[in-house]
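Residue-level structural notes
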Amino acid sequence: MNVHEYQAKALLRQFGVAVPAGRLATTPAEAEEAARRVNSDVVVVKAQVHAGGRGKAGGIKLAKSAAEAKRCASEILGMTLRSAQTGPEGKVVRKVYVEAGSEIAKEFYLAIVLDRAEEKIAIIASTEGGVEIEEVAANAPEKIITVTVDPNLGLQPYQVRQVALGLGLTEFRELQTFLGGLYRLFIEKDSSLAEINPLVLTETGELIALDAKLNFDDNALYRQPEIAELRDPEEEDPREREAQEIDLAYVGLEGDIGCMVNGAGLAMATLDMIQYCGGRPANFLDAGGTTDKEKVEKAFELILRDPNLKAILVNIFGGIVRCDVIAEGMVAAARGLGLSVPLVVRLQGTNAELGRRILSDSGLDITPAETLREAGERAVAAARGAGA
Amino acid sequence: MGQFHARLSIEYGTDVVGGVAPGKGGATIEGIPVFDSVREAVRETGANASVIFVPPPGAADAILEAADAGLALVVCITEGIPALDMLRAKCALRGSSTRLVGPNCPGLVTPDQCRIGIMPAGITRPGPVGVVSRSGTLTYEAVDQLSRLGIGQSTCIGIGGDSVIGTTFVEALALFESDPETRAVVLIGEIGGSAEETAAAFIRTQMKTPVVAFIAGQNAPPGKRMGHAGAIISGGQGRAIDKIEALEEAGVAVARSPAEIGETLARRVPGL
């Protein structure tokens, strides 16, 4: 789960991690008031969206007065911000964060992330702040310091010194407070990524988080109610959100063949199969180990919302899941919602034969398939036929 | 769910000797005695393996309890365990004699001998091919393709779809390499992380057994979690194409179509 910069900074403050003074605004008038309250010669008006690349896209502007802040906010609020991370459709900006400007002496990169390969918590730091860390990793990997922390031991002072020395800092106390606080936040809030880019060393020797990006482990939200409350539904695909609420995993894609599969790996493989046969999937949908009618209907309803839809492919390999129960759910869903596009169904595993019979007896226009290959080929043909 | 699968495993011939459900000790389910703790269950039954169906909030604790009771093999089916819990559990298990498989996995099957977990054993048949996979139902698809071609399996291991797992590809491959009954291996990977790349390095330098693979998610969009907690391309890392290249460079035959996993193996290792 992602949160906005202003929310991340509020959390950092809670953990004693220094951030510039700042206030949220949702109208130009609020931005003007915010600039006054922030009480700084220079303020920065920053678009609040769940994506990077805001600066280049015109979403970050400097203002030297409250009136100028108001003008900047009126330009940014309501704009559709497009960057490499937003995709071509961009994101509409609904909030801005008005922040005190900082006297920047140096810019660093600092992040805490779960290191899958090492199975530890990794602290990544670099003297090259304010740029994409992937570029630094590609062009100047020697400028990246990585320190791995055992989560059962916690962050040790010698490790903080390691990072400090790597960044060329001789004063350790500032970094101990900053990094110690960031690490505690990471652990206590079940974060999956805490990225400070840039981490600024000011002219007066303070360490401040000029930008902050925090992601949280979806699997831990059940025990992080305060974090879960920070969710911004306007930043999410409503279909993904609705699917999540009933234990379906859904990702909207660009194509025209809708999919429903039991199991994430098989679902990904089904998308691969469609593409291998020359088609384009409209969505990823893992219905999991579910067999109940309501979920099958909801899955269909989500898929049918796609305006580009030309065909639907259902691929079920039943282990615990019984194909006859899925078939009954599908027939009920198709009857209840009305099927506007061709439906190709491949059933395999437990009670597959019974499931196929239920579908053929239903009188609905359903194309059966036995193998994964047949499923892909028939779905692609159905989508092409529909377009003709 | 634990009860349902206990019965299926018993029917398959697995020696299921006890169940653990704190507070329900003394009961009998499916003819099996239930205990309040793993320690007690092990003491009373001599069990050497366990399978965990505990929901996410208590699952990591259940893993630690099982390891503490000295079990040699612990299989965790649970999906949704917080990553930090698994990280801590994994660190705590270092140096212990307990092997953890999973979490978020369907478990393992040695055809005609033993089933621990939720895999549909009916699609398997005994034979010379080891199967190791991050997926659940995609594993069934691959195993089904093999069985239909008359190619049987030595052991099928689902290692799970999470970021932090108990048994990695490399560990499973090492076991297959030293197993005299395994003459070929099918590896099913997916986007996210670098486990397949690490496996490729191991295959290139330490394996003689031929390996065939399929990597799911060849056109997955970056930054999106595709179902499994570990199936996400982030920071340019974890793309299917990079895994496929690494494996092919290590001499692995990688099927591009998921419908051709069985055929790819049959071509690569004729006469199985």
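Residues numbered from 1 in each chain as written. Chains lettered and ligands numbered in written order. Predicted model: local features only at pLDDT ≥ 70, side-chain atom pairs only at ≥ 80, totals over all residues.

Turning next to the nonpolar core. Ranked by size, the top nonpolar core spans 187 residues in total, and within it A:Leu285, A:Leu313, A:Ala379, B:Ile52, B:Ile63 and B:Val186 carry the most contacts. With nine residues, helix H9 (residues 264-276) of chain A is the largest single contributor of residues to this core. Contacts of B:Ile52, omitting those with residues within four sequence positions, involve B:Ala59, B:Ala62, B:Ile63, B:Ala66, B:Val74, B:Val75, B:Cys76, B:Ile77 and B:Thr78. Membership of the second largest hydrophobic core comes to 23 residues, among which are A:Ala25, A:Ala35, A:Cys72 and A:Leu77. (Core = buried A, V, L, I, M, F, W, Y, C linked by C-beta atoms within 7 Å. Buried ≥ 20, exposed ≤ 12 C-beta atoms within 10 Å, placed from the backbone. Helix = DSSP H or I, 4+ residues; strand = E, 2+ residues; numbered from the N terminus. Contact = placed C-beta atoms within 7 Å.)

So, on to the sheet that holds strand S6 (residues 99-101) of chain B. All names here are of chain B. Strand order in the open sheet formed by three strands is S4-S5-S6, with parallel pairing between adjacent strands. Edge positions in the sheet fall to strand S4 (49-52) and S6, since each of these pairs with one other strand and no more. Across this sheet, the average inter-strand angle for adjacent strands is 15°, counted without regard to direction. Direction of pairing for S4 relative to strand S5 (residues 73-76): parallel, over a ladder of four bridges. Its bridge partner being in S5, Ala-49 is matched across the sheet by Leu-73. (Pairing = 2+ DSSP bridges. Axes fitted to C-alpha atoms, helices over the stretch in contact; angles between N-to-C directions.)

With that settled, consider the sheet that holds strand S2 (residues 28-29) of chain B. Residue and element names in this part refer to chain B. Strand order in the open sheet made by the three strands is S1-S3-S2, with mixed pairing throughout. Since the sheet does not close on itself, it has two edges, and those belong to strand S1 (19-20) and S2, each with one partner. For S1 and strand S3 (residues 32-35), the ladder comprises two bridges, and the chain directions are parallel. When the sheet's bridge partners are listed, Gly-19 is paired in S3 with Val-34.

In this section: the domain arrangement of chain B. Residues and elements named next belong to chain B. The assigned domain composition of chain B is domain 1 (2-101) and domain 2 (107-268). Centre-to-centre, using C-alpha coordinates, domain 1 lies 25 Å away from domain 2. Residue assignment for the side of domain 1 that touches domain 2 shows that the elements contributing at least two residues are helix H1 (2-12), S4, helix H4 (83-93) and S6. The element best represented in the side of domain 1 that touches domain 2 is H4, accounting for four residues. (Domains from an automatic or database assignment.)

This brings us to the packing of helix H10 (residues 293-304) of chain A against helix H11 (residues 323-337) of chain A. Residues and elements named next belong to chain A. Contact geometry of H10 with H11 gives a least axis separation of 8 Å together with a crossing angle of 50°. Taken as axis vectors, H10 and H11 run oblique relative to one another. Handedness of the H10/H11 crossing: right-handed. On H11, the residues touching Lys-293, Val-296, Glu-297, Phe-300, Glu-301 and Leu-304 of H10 are Ile-326, Gly-329, Met-330, Ala-332, Ala-333, Gly-336 and Leu-337. When the residues that make up the contact of H10 with H11 are grouped by side-chain class, the tally is eight nonpolar, two polar and three charged. (Parallel < 35°, antiparallel > 145°, perpendicular 65-115°, else oblique. Left-handed = near helix turned anticlockwise from the far one by under 90°. Nonpolar A, V, L, I, M, F, W, Y, C, P; charged D, E, K, R; others polar.)

All names here are of chain B. If you check which residues of H1 are buried, you get His-5, Ala-6 and Ser-9. When H1 is viewed along its axis, its buried side chains cluster within an angular range of 110° and face the same direction. The exposed residues of H1 that point more than 90 degrees off its buried face are Phe-4 and Glu-11. If you follow the buried residues of H1, they end up packed against S1, S3 and strand S8 (114-117). Directly after H1, the chain includes Gly-13, whose backbone phi takes a positive value near 105°. (Arc of directions from axis to C-beta.)

Once that is clear, we can look at the interface of chain B and chain A. Contacts between chain B and chain A engage 49 residues on the former and 42 residues on the latter. For the side of chain B that touches chain A, the elements supplying multiple residues, two or more each, are helix H3 (56-68), H4, helix H5 (137-148) and strand S11 (184-190) of chain B. Considering every element that reaches the side of chain B that touches chain A, the biggest residue donor is H4(B), with seven residues. By residue class, the composition of the side of chain B that touches chain A is 24 nonpolar, 17 polar and eight charged.

It is worth spelling out unusual backbone geometry at this point. For the peptide bond that leads from A:Asn197 to A:Pro198, omega is 10°, which places it in the cis range. Note that A:Pro198 resides in strand S10 (residues 191-202). Of the consecutive residues B:Gly102 and B:Pro103, the connecting peptide bond is found in the cis state with omega at 10°. Examined against the element boundaries, B:Pro103 turns out to sit in the loop between S6 and strand S7 (107-110). Although it is not a glycine, B:Asn104 adopts a positive phi angle of roughly 55°.

Here we take up the pairing of S7(B). Each regular strand displays side chains that alternate between the two surfaces of the sheet. Residues and elements named next belong to chain B. Note that S7 and S8 share four bridges and pair antiparallel. Its bridge partner lying in S8, Thr-110 is registered against Cys-114. Remark: three residues form the turn of the hairpin made by S7 and S8, two consecutive strands paired antiparallel; Asp-112 in that turn has positive phi of roughly 70°. Of the pairings in the sheet, the one linking S7 to strand S10 (residues 153-158) comprises three bridges and is antiparallel in character. Within the sheet, the bridge partner assigned to Gly-107 lies in S10 and is Gly-158.

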